[in-house]
Structure formats: structure tokens, C-alpha cells
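# Structural characterization, general
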Amino acid sequence: QSAATRAVSGKVTTADTKEALPGVTVLLKGTTVGTGTGPDGTYTLQVPEQGGTLVFSFVGYASKEVAINGQTTISPVLDVDAKGLDEVVVVGYGTQKAGNVTGAVTGITAKEIEERPVNRIENALVGQMPGVYVQTTTGEPGAELQIRVRGAASINASNDPLYVVDGVPVDNLRGINPTDVANIEVLKDAASAAIYGSRGSNGVVLVTTKRGKKGAAKLQFSGYTGVQLAESRLKVQSAEEWIQMRKEGIDIDWVNQNPALNRPEDSRATRLQRLTVNGTPPSQTNVIRYTYDPKWQYGQDSLDYVDWQKAIFRRAIMQQYTVGVSGGTDNVTYNVNGSFLNQNGIILGSDLQRATLRANIDAQIRKGIKLFMTLAPSMEWSSLGRVDGTGGQALNAAQMPPVSPKGAGIYAGADPYFTYNYSGRYISPVAVMERTDANGTRTRLNANMGLNLDLYKGFQLQLLGAMDNGYFQDQIYTPTNASRDWVGAAPGSLSTSRYSQTFNTRYLFQSVLNYTRSFGDHSLNAILGYSVERTKVDFSQQENGQLPNDQTYLFDRANSTVNRSYITAGKEALLSYFARAQYDYKQRYLLSASIRRDGSSKFGANRPFGYFPAVSAGWRISGENFMQGVTFISDLKARASWGVTGNNRIPNDSQFSLLGVSNYSLGGASINGYAPIGFQNRDLGWEQTASWNYGLDFSVLNNRLQVTADYYTKQTTDLLYQVPLSSLTGFTRTYVNIGQVYNQGVELGLTSRNVVGAFEWTTNFNASYNKNRVEKLDYDDTPVPTGSSPGGFVSLLQVGLPINSYYLYDAIGVYQTQAEVDNEPKLSNTRVGDIKYRDVNGDGKITDADRTIMGNPTPKYIFGVTNTFRYKGFDLNVLVNAQQGAYLYSLIGRSIDRPGMGYLYNHASNWNNRWKSEAEPGDGKTPSITAQNSSLLDSRWLYKSDYIRLKNITLGYTLPKARFYNGARLYVALENAYIWHNYTGGFSPEALQLGGFDNGSYPQARTYTLGFNLTL
Amino acid sequence: CKEDILQIQPVANNTVDGFYQNEIQVNQGVMAIYNGTLSLPENSYWFLAEFRSDNVAADIATVQRDYSDVSNFNTTSQTQQLQATWTDLFEIVYRSNVLQERIQPFNFARVPQFKGEARFLRALAYFDLVRFFGAVPIVNKTLTIEESKQVPRAPVADVYKFIVDDLLFAADNLPASYAAADKGRATKWAAKALLGKVYLTMYGYPLRQTSALPLAKQQLMDVYAAASPTTFSVAANFADLFKSANDNKYAVFEIQFQSGGTGLGNPIPWQQGQVFPTNWSPFTGFAADFTLPPALFGANWPKADKRKAATLDSVVRNASGAIVAGRPEFTKFLEKGVAGVQNRTDYPNNFPIIRFEDVVLMYAEVLTEEGNIAQAIPLVNQIRTRSGLTAFTLASPEAASQANFRAAILKERRYEFVAEGQRWHDLVRTGNAISVMTAFKRSTTAAGANFRQLDDHDLIFPIPLLELRINPGFWQQNPGYN
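The following paragraphs examine the structure supplied in this document. (Residues numbered from 1 in each chain as written. Chains lettered and ligands numbered in written order. Predicted model: local features only at pLDDT ≥ 70, side-chain atom pairs only at ≥ 80, totals over all residues. Heavy atoms only, no water.)

## Notes on the packing of aromatic side chains
Residue and element names in this part refer to chain A. According to the stated counting rule, one finds 69 aromatic pairs over all chains in the structure shown. Measuring from ring centre to ring centre gives 4.6 Å for phenylalanine 603 and tryptophan 686, while their planes differ by 55°; the resulting arrangement is tilted. Highlighted residues: phenylalanine 603 in the loop between strand E30 (589-600) and strand E31 (609-620) and tryptophan 686 in the loop between strand E36 (674-676) and strand E37 (687-700), separated in sequence by 83 residues. You can call phenylalanine 603 buried: its relative accessible area is 4%. Tryptophan 686 sits in the buried class, given a relative accessible area of 0%. Seen in terms of ring centroids, tyrosine 978 and tryptophan 980 are 4.7 Å apart; in terms of plane orientation they differ by 65°. Their pairing is edge-to-face. When its relative accessible area of 42% is taken as the criterion, tyrosine 978 is described as partly exposed. (Phe/Tyr/Trp six-rings, centres within 6.5 Å; stacked < 30°, edge-to-face > 60°. Helix = DSSP H or I, 4+ residues; strand = E, 2+ residues; numbered from the N terminus. Buried < 20%, exposed > 50% of the residue type's maximum accessible area, 1.4 Å probe, protein only.)

## Regarding helix H3 (residues 239-257) of chain A
Between the first and last C-alpha of H3 of chain A there are 27 Å, a value that for 19 residues agrees with the 27 Å anticipated at 1.5 Å per step. Here H3 of chain A has its buried residues at Ala239, Trp242, Ile243, Met245, Arg246, Glu248, Gly249, Ile250, Asp251, Asp253 and Trp254 of chain A. (Expected span 1.5 Å × (residues − 1).)

## Quick notes on the pairing of strand E42 (residues 759-776) of chain A
All names here are of chain A. Two strands pair when backbone bridges link them, and strand E41 (residues 740-755) and E42 are joined in this way by 15 bridges, in the antiparallel orientation. Looking at E42, one finds that leucine 748 is bridged to alanine 767. Joining the antiparallel neighbours E41 and E42 is a turn of three residues, in which glycine 757 adopts a positive phi near 120°. (Pairing = 2+ DSSP bridges.)

## Some words on the nonpolar core
Among the nonpolar cores identified, the biggest contains 143 residues, and Phe120, Tyr126, Ile163 and Phe405 of chain B are the most heavily contacted of them. Setting aside anything within four residues of it in sequence, one finds phenylalanine 405 of chain B in contact with Thr368, Ile373, Ala376, Ile377, Val380, Phe392, Glu398 and Ala399 of chain B. Ala316, Leu348, Ala408 and Ile896 of chain A belong to the second largest nonpolar core, which has 43 residues in total. (Core = buried A, V, L, I, M, F, W, Y, C linked by side-chain atoms within 4.5 Å. Contact = heavy atoms within 4.5 Å.)

## What to know about the interface of chain B and chain A
Contacts between the two partners involve 88 residues from chain B and, on the opposite side, 96 residues from chain A. Here chain B packs against chain A, burying approximately 7,700 Å² in sum over the two surfaces, 57% of which is carbon and sulfur. Considering only the side of chain B, the residues that lose the most area to chain A are Leu6, Gln78 and Arg469 of chain B, jointly responsible for 10% of the buried surface there. Here chain B and chain A share one salt bridge between them. (Buried area = accessible area lost by both parts, 1.4 Å probe. Salt bridge = Lys/Arg side-chain N within 4 Å of Asp/Glu carboxyl O.)

This is how it looks when you write it as C-alpha cells:
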């Protein structure tokens, strides 16, 4: 059919600046016929002779539809589109007009995610929203990021927010492809989150995925590929420096061996001879202990010098591809997306692959009955880390001796290469990563289906059934040649193979009755709901050792020994009733109230139920008559809310006094024994947070500047916390509801269109301030040690102080001379060269009472700034985020920077400047290697974790429309472009892990990416 | 849907409610107390007692090792090993108290035996507690969280009295022997032997109660008289003592271990080992950074003493796989060529708490303290001749004075019990710890003569910091510690 066509042309201008607008999409409605405006804002388009409507759209402006009606020139004026007040915002169990929101809700949309390479959803939230703190605690591919909404309220229960995907609560966001996401909203205040009751205390992250729209099928491709490089490395001694220190250690041993005779300048020959004379035969051990390695004088001719960090870091490729189809008819709409991510880690042998599929389908079955469903299977294949934490290979690489036997190089200590005999026992981390076979397969099936039934005059019933099943299978195989004890070991003898399976199921059923009605200037929305959730986890693990050979990870009881073999299981149920009413008068006076009753199986028989009420109110001041003359202000709204939320994130069965298996053998046979392993607590219940929020939203200068400001307080009571017990009770910890934590904060969000027109510059700025303090603790407010590690604890909970405040001996230097030791306050065993501590209480000695509070791990301020520039088809996005006011205790730093390490392994490079003698006092901060007070966890490893990070720079170009595609964009991006910080204890100042430590977290990557988005 | 869906009973384990309902379950509660003793060989006897003594010299380790701090007199209240041992010992006390409370309603025949076992094991735990930490709180019932904060540290003498009471009760109520299926439970003789040792310790440092000496003598004499091939005796061949085939054959009381990968194996052969060739064991030693002192691994301990070969060894392989002499290690509990071991902590050998040789030597010590060297000599000679050494006579220089014979017994005890966690306590109670250990550290550490002079505060450990912080200020730390 060759319908006759004719041309329409015109020029598009802006309403605010009256300038020509280039790059505007001009589309004939309901077709794929379209074009874009040129640099001068003009366009020409072939349209049918009869009828038709043109749609003009451009980012940042409200689209406009103009019926052609036979006109030949159409020159529309586009209005700036502030976040439309009529735009719909997702809130719990429903949606609400943005303009009517009375709580503190913040969000991002698909655009922010699609325009740059994002490998996990959380990454898209970094620096985007006030009050939402996203921390990359580990750079391991596929690892979860940590999200904190308005600080941390809980001590032992989880501080993670509740994640809700398409209305279904889930445990985490693993396996969700970021480009599936239509928008993400975060419910920050209690009034918004209280509808999620017992799980709302840490905020709620609502993820809504894309659904189809009526129209011809749209095909979308997107993808990116990039190179990742380690962002930072630890400063350790070079081979030459290590040898120098090793020599000094040998000299000290030599002089101590016989103080009267031996001198450090004795030659090797003299030493060997004198060892014999002294009656100590120069065994191999003694030769190494008291004489230099003759190879040192030949350096790299005789030895391999190895930079171990360089050896395990690599340039790593990351790529992701997505293909999606969406569209629909009058009755059925669909959106189907598939993606594949392949991310090699920047450390050898750590990889991740992820494949996802998501199909969202909506069908109008008949009038008043709508069916919706989602099917979202995903799989992840990972190499299970092995880098993070104590015993991880990042730490290993830092402390490996930088000298290897000639020829052994980066495989020193790994079969067939021996360790360097002037060092200790070790195995090359390169060999461990390469030879250990670690595979984790995580399969997740998230599916839901529901019906919307229009009942009667505004009554609608929604029924939803959902399931979220995960099957994780981890397999780690360590062959004999990945063990440091391989020498002389028979094949297979040191091998282990471990196989773990987790199967978790979560079922949800909910029904929500919704009533919406407007009469006159009044409008009302009310819901009444019921939901029940059941979860079950089954875990099993088998590990066998001494496999018959090193050929395969497969094992059988017949040819290997059983190390472990067990299954465990847990169940949980949550039963809820909830109701909410939202009312507005002329969209000017806004009121909302909700209540939820939750019952959980996790709590004691006396207290299974909790009630979570909330009320909020808003006043759209700009809607009042007296404001009509004030043109300066385009919108002004004041909000206030109060609500109670809960936290139930503790392990199952915490309320019971369980019996633990405590067997014993008699007469050579195992006899069953049982002993209680915890206190029974029938009163164990919710942790509750009552929160106030006061907010102000306004836009000025014709929406050029939009501001959102909030002030909040959060009072958390009945803290679920694992009190440390006296061992006299028979236990060391138990969960109780004791204590109180207070949070307060201020949040500010600004969106400013600095320049509009052909060249456009928008700045999005957000800043948050949060402060918390412990208000009440155990029965008598006894301070509670936290952050315990082997060797003690570094922080505590104390009334009046922020959670987990560091409580340390303050290291102020080194005792430089004997006189200082004699005259200054000291610990009992102190010698010259030891670390000097501040005598906090001034009693002239250093005792436990001289520990002092030194900061805490929660940042006071977090900032995010995004600057977006657009000109013609180009866009440039620069995201900077920052934090201030927090500290981090580094255990990885300590492991290479600690007296008592000896000389065998590598040290942080400051040990070149350690205290050696009164004549060679070093840098005044690094003590003698034989310092006596070596095991104290002191302030030497406490660092400020302030940073400013140039998180992302993306430069994109939107190609002019062409016949064979609807939209096309190319971009280059640089993630983690630069970071300013003073953290030298580990790889990243964000590496806050469990207990407030950096245990040697996987370094973050700087990633250079090239990507595209294409719509057909 | 009904609200009873919230009533989810734990899938994993039983709960205390509904347990202790019959004799079988009460017996399982007794087993749980014994289970608490499984950690003692490591956490009390090896990592604390043996490393603190002159039987092991720990090098400064590459990473911070608690045993190195123990060995080098560097422990602080934050030394994790102290917390671990403290918690383990009080776990035994707790389980004993649970049993004693839960057994109240019953009157089946084994009730006195079960109570006796519970109190014997509680005494065993307290004996370590008081020797390691000095004044410790006396806990004689299960405590609530609140109560646990208000238990004062009892004076050392009171703790000993508590121990003595438990052991007197146990001695009165425990049977003299058990049927084969129950072999390994504490007997009346175990209680009396331990009581003898407790009295002997009360006679020494720090209480120095002379009145305890005759009490010790009475108990030890009783046990000595009860020796027979079917109860306990001096092993004719020293090495036989530690073979799992001879479990419960020679010793008065042993902690029971068995292989099989069920968590009931003995970890000590691994902990005390360095490198095992595969024909010794499929699993190699832990290879802690320690060396054996010349007094043991050297000419000072003559090879003629058969105990030496049964106690020590040193084997490492060189680059070409050949075995060369090298790192000395304790192989006392390692049966070379052991089979059936499932992992490195799964050795089958029992660990002796009180050997009959201990009873013999303690009896000899009591006699020596009484000035009766002539009677003590044949007792000591039982051990010496069995070990391939010449017997003492009244003409021997060792018998020339009471002091000499004391020293001879101390030395005999060292060789007999090395690696069993006795040496440190022997040095302390005989008042030799400060002088011996100061000299030892000056001869074995890099600090050499600069190693500090030890003093009384080094004879006990600090109270673990986390325990002190449960109720800050309520307990005072031991002197000299932070």
C-alpha cells in the first residue's frame, strides 16, 4: 500500500528561553516514521495526506502531541518538564502521584542506569540519592554492595534495607540485570516504610522492572565492553629493602648469640668458624639464622625478585550484552529481556558470568480483569572469591617474601619450586589461584503471577502469588600441588574437594483490596491487605580429602576420606495484615495513615506480633490562592511524618535454647551427648524504630532549581542485640531486646538546570548528614566490646557515643631512648624501641584505662554530584561522590605492619624506617621489630576513610535518526576514574567489612568501557 | 490462614524443653560434660601449660601467634587463647551444673554416679582455672545473665576448698571400675588421684599449706595400693602407654579420643608435630614455630632413657625427597604408621590426665617432703628402671639431700610427662618457675641476656579482657597485666 504522502516542516523552540531546540525526536504517532530536529531546531517529515498526529519529545521537556490536520508547518514550543507532579511514584503496595507524596521517597529511573555500564543494580545508586549510602566493600566481581539508608540503627540485626522487586520482597538483588529496571525508589522515612512493618527499619528499596507498552514490537540491543585495572596497591618492601632488613635481623641474632664475641661486621667465614668453636654445629638452620645468603651479593643473577601484587593483578575484560523486545496489542503487552555478563576479576582466577532472562507479561483478559506475570530466571557462575579477608590471597600477596629462588619466580613454594630458604613456609598465591578449582553456580528463579479485578465503583482487588527460589552450588577443589606442604606428599594426599548446596525457597501470597474515589475536590485512596510469606533453606555440604590422585574433584567414600558430610535446614514464616488511607483535598492538603500487624516465627512465644503505625501530612503551599502572585516559586510543599518500623533480621531459632550435639567416646564407641547451646528467650521480639521526618520540596525560577530537604530523627528501641555474656553462664552471646540507638540527620537534594537550550547543563547534587548515638544498653548500660578480632577488640558500644566507636590505645610514637622509657608513662614490659602510648588519664602509667575513643566507622557526611552536559547529540556525565568523618581499622595493614612479624616475610615499606637503635630511630612512628607490646590492637592501624571519588565519567553520542533504527547511542565511560584519600592500610577506604575492619578486601577496579544502546 | 503457621519448631535440633526426661537423656547430659573436656589437651595442656614451660621454645612467629606470646611471657588480657581456655573450662562447669540441677527429680541407681562424674569434671576444670588465673569466681549453679555479673572472684584458698569438696564427693560416690562399654568414665580412683594432686599443689606455691601434705599422702597411698593389671599400673614399656590399643589400661584417668572423622579425634599429634613423612601419618604436622630446647633434644637427655625415643623425633625431607634429620618435634602421641585417621585432628590416642606414674612420683614427692628419702627411692626407681635408667640408691648423689632428691624427682617428672602439660604446674608449685624460666628464656630467645627477669605476676595469666568488661570494675585484673 503506497499511500500518498506530503511534507510537514517546522522549528521547535523552548518555552523558557525561546531558543531553537536541536535533537528533538519528531514521530508520527503510532508508527515508526520519524526524524530529529537539526542544529537550528528545524525538521521536515513525510506524513500521510490524511490525519495523523506528530509527537515531539526531548529529554527534559514535556512531550507534545500536535494533530496535523492538514497543516504544512508545525512549530511547537516545548515546556520544561520538571519531575511532573502528576508523574506516578511507586510506593509500597501501590503508586502515588509524585506531587502527593508526603513521606521521604527518592528514586532513579532507567535512564540513569542505561546510560553507563552498570554491572550490579546497587552500583547505579552510588552518589545518586540523599540519605542512601552505597558502599563497595569489596571489588570482587558479582559481590553485593552495601546499602545503608539513613545510617545504621541496628547493632547485631542486619542493617540492610528490604528489597522489593515488582511488589515481591526478596533477600537481595543478585541475578537481576540492571537494564531490566524501569525505576528504583527508596522509601527512607518510617511513614513510607511502615507499610512494610517489621522489615522497614532500614528503609525499603523498591525495584520496578520494565513492562511492555502497546505498540509495534521494539527491539533493543545494548552492550558494553571494558578493561579493568586495579585502582590501588599496597606499599610493601622491595626485594632490595627486604634483603637489607633480613641482613639486619641476621646481624642481631648473631650478636645475641654470643654478646661478648660476636660483632655485626663479622664475615660469613668468621661466623661459620665461630659457630663451630662455640659448639653449635653450623646446621642448615644455624647457617641461615646467623649468616647472609651469599647469593645476595649477586642479586638478580642468582635470585628472582618478585612483585607479588603485580603477579596476581591483571588487566581484566568485562562485557555485557542485552537484548530485549517489548510491545503489545490492545489486550496483551510484553517486555522480554535477556542479558549476559562476563566479568573477569582484576585478580587472577576470579571471574563472574551471569545470564538473566526476564519476561513481564500483562494481559487484559476481559473488561475489569487483568492478569500480570513475571518470569525471571538467572544464573551466575563465579570463582568464589578466595581473595578477600584473612587467609585470602590479597593479603597473602602483600606479605609474600619478594625474593624467590632463581627460576621459581612467581611460583615459589608451589610444586615443583621450593620456598626461598631465608624465608618461612608459604605458597605462591598465583599457584593457589591458578590450581585451586573453585566454581559457584547460583541459579535463581523469580516468578510471580497475579490478577487485578475491578470489583465495584473504584474497588479493585489484587491477588498475587510469588516465588523466589535459589539454588546455589559451590564446589572447591584443592589439589595437592596447591598446598604449601606438597614436598614429599603423595599424589592426592593433600587434596580436598568440597561441595556445598543451598536450596532456598520463598513463597508469598498477598491480596490487596484497593479503593480509589474522587468526589469534588476530595480524592481518597485506601488499601486493605493481607500477606503470608514462608521461606525454607536447606543446606548440605560434603567434603572429602585424600582423593586418590590429583586428576579430578569427584570423590567417593570408597577412595577418599570423609572430612565433613552434613545437612541443615531452617524455616521461617511471616504473617501480615495492613491498611492505608491516602487523602487529598484539591491536591493541596495531603494526609496519609497506615498500620501493619506482623507476626513472625522468629520471635518468642510471648511476643510474636508487632504493630507498625504511621501518619503523614503534606501541604502544597504553592496551591494556595495567596501564592498565585508569587511567580518566583513554581512549587512549594511542606511535609511531616511519623511512623514505627521494625527489624526482624536475626537468625532463625534465636529464641530457643537448642541442644547441641556433644558426643564423647567410651569403650571406643561414640556415645551421644547433648548440651544446651543458648538461653531460651520467650520474650524475644521486634526491634522498633520510631521516626519523625520533616521535609520541604520547592522549585523556583520556572522549575530551573528544584530542592528537596529533609530532617529526620530515628529512635530505635528494643534493639535486637547479641549481648556478650560472661562465660560463667556457659555461653558467650545471646540475642536479647535491649538498648536504644538514636539517629538524626539532614538531607538535601538539588537539581539545577544551569544552562538550558542547545547546550544544556544540569547539576544534580545531594548531601546527607547523619549522626547516631547509643542511648541505652544492657541492663546497666555496661559498655559492650565490639569489633573483636584475634587479639582483642577495637571498638565498643557505649551510651552517648556513636555505634561501634573505636576504643584504642593511642599510639603516639616510639620510645626513642632509654631515658624516655625510664621517665615516661609506659606499659609494664616496655623497652626502648617499643610503641609509646598516650597516658590518657595522666596517672603516669599505661593501663587498660588509657584506651580512648577515636572516631567510628560511620561517615558523618556523604555527597554525590552529577553534572550532565548535552549539546546536540553529545552528552557528558560526571559523577563525583564523597564521604567524610569516618574511620576504618585495617587488619590487612596490621598484618604487614606490626612488631613481632620477624624478618621472614614482607613488611609494609615504612619498616625500612623502623626504630633500630637510639642512633637510628627511624621515622619515629615505626617501632623496633622486636617491640614487646606487639599484640595490642592500637591506633596505628586506624585510618580516616574520607575520600572523594571521581566515580564515573561517561561521554555519549546519540546518533541522528536513520531509517533502519529508532535510536542509537554510543558511549565511552571511565568508572572509578580517580580517588583522593589518605588510606594506606588497605586497597580501598570503602573496604569496611564485618566488625568494622578491612580484612584485606578485594581491590576495586578502574574500568574503561565502550558501550552502545540501539533501538530498532 | 491461621496464625499457627508462626509456630515453627526448630528444624535443626531439639530444645531444652522436653529434654532430661529419663535416664538415657540424663546420661546424654553427662556425656556432654565429658565432651567439654575434649578441648583440654589443646587449650589447657598444650597451648597454655606446655608453651609456658621450658619444654618448648616458641620463636617469634611470622604472624601473631598466641602460643608465641604465652611462651615468651607476652600475654595480655586480649590474648585470644586465654579467652578460649577460660570459656572452655567454664563450659565444663556450666554443663556440670546443668546436670546437677536437672538430675534432681530422679532416683535411679546411677544418680550418685552421675552426680559424682559431674562434680569430678567440675573439679578438673577448676583445678586448671585456679592454676592458670588465680582467684576465679566459684559457680555452683546455672546462672541468669544478671547473676553472672555479680559473682566475685573467690580467693585461691576458697577455690581449692571448692575443688576438694567436689572431689571428696566424687570419691565417695563414683564406682571403682566400669564394665567394658563404660570404660573411660571417671572412677573413684580418678577422683582420689586428682585429689592427691590437688592437696600436693595446695602444699606448694601459692598456698603453701603444710596441712595438705598428709592429706595428699593419704589419697595417693590409697590409689597406689589399688594398682593392679586390671585397674592401672606402671607400664612396663613406656611407649606402650600412648598406643590407642592400650587406652584405659595403664592410666588412672584419660580423656577419650577415637578416630573416624566424627570430631572425637585427638588433635595433639598434629599440634605437636612439625612434618610427618607419609609413612608416619597421611596428615602432616601443624609445624608451629617452636623448637625443642637442648635439655630435651640434645645430649642432656641421654638416649639410654627409653622415654626419649618415645617422646621426640625429627624428620624432614630434603629437596630430593630423602629423609634428613632436622626439625625436632614431639611424637609422643603419634603412633607412627597410624591407620584409620580421617583428618589431622582425628588421631585415636587417649590423652592422660592422671597416669599411675604420676601417682607414684607424687607419692615419692610427698615422702621426700616428709624427709623420708629412703622410702621414696624405690618408688622413683620403679619409673627409672622401667625407662632403662640406673636405679638410685641411698649412696647416689641425688639422694644426698632432700633438696637433691626434690630436684631429681622434678627432673624425672619432666622426662616422664613432657608434652603432657605438667611441667609448668610442677615448676610453679615447687617454687622453681621464676628462676628456671628466666634462665631458659635468656638462653633461647633473640633477646638473650636482655630478657627480663620474671616475677610472681608471670605465674598466672591475666583474666581475659572480654570477661572483665562484662561488669567493668567488678573484678580487678591480676597484678602486672593490662
